[in-house]
Amino acid sequence: MFVRKANKSDMDSIYLMGYDVWGDDSNIADYLNGCRNSKKYAQGQWYVLTVDGLPVSALIVYHDQFKLDEYNCGIGSISTGIECRKRGYAKELINSIVTQLFTSTDINMIFLHSDIGYPFYEKLGFQRIPNENQCMYKQKSIDVDLGGIPSYF
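For the structure given in this document, a descriptive report is provided here. (Residues numbered from 1 in each chain as written. Predicted model: local features only at pLDDT ≥ 70, side-chain atom pairs only at ≥ 80, totals over all residues. Heavy atoms only, no water.)

## Some points on the pattern of salt bridges
Across all of its chains, the model carries four salt bridges by this definition. Linking aspartate 12 and arginine 36 is a salt bridge whose minimum nitrogen-to-oxygen distance equals 2.6 Å. On the criterion of sequence distance, the pair formed by aspartate 12 in helix α1 (residues 11-17) and arginine 36 in helix α3 (residues 28-36) is long-range, its members being 24 residues apart. You can call aspartate 12 partly exposed: its relative accessible area is 30%. On the basis of relative accessible area, arginine 36 is assigned to the partly exposed category, the value being 45%. A salt bridge links arginine 85 to aspartate 20; its shortest N-O distance comes to 2.8 Å. Of this pair, arginine 85 sits in the loop between β4 (72-80) and α5 (89-104) while aspartate 20 sits in helix α2 (residues 19-22), and the two are 65 residues apart along the sequence. For arginine 85, a relative accessible area of 29% translates into the label partly exposed. (Salt bridge = Lys/Arg side-chain N within 4 Å of Asp/Glu carboxyl O. Helix = DSSP H or I, 4+ residues; strand = E, 2+ residues; numbered from the N terminus. Buried < 20%, exposed > 50% of the residue type's maximum accessible area, 1.4 Å probe, protein only.)

What follows is the structure, encoded as structure tokens:
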């Protein structure tokens, strides 16, 4: 397993990892076209976990958008292809990116919006924000103030 920044040739496979969840009633061509033209997706940096060189899980990291403070970031669109789910790939990817952000950058707080429910992310050290719909956070250290809550990303 290897975590790396996604490249242009990875993008369609990344988008398709979430098609069953986010595709609604659109056909694959329309769904891919929407993803390819998404301004939101263009604002972040995609990362993939690869196995034998092929992306099996992905997420996007956002900085300086969605009301994120300077020392905060957001992760989102966490997905794993249907055939690769329940193998710990998303967990490995999230833990790797969290470690990288907290050790190699000035990031003090990571936010995410849980579309799948809280338990998965709570096992990874994320905490719920009281009275916030689906927003969770993980802080670098306990002395970091929660600060402003970002909008949905």
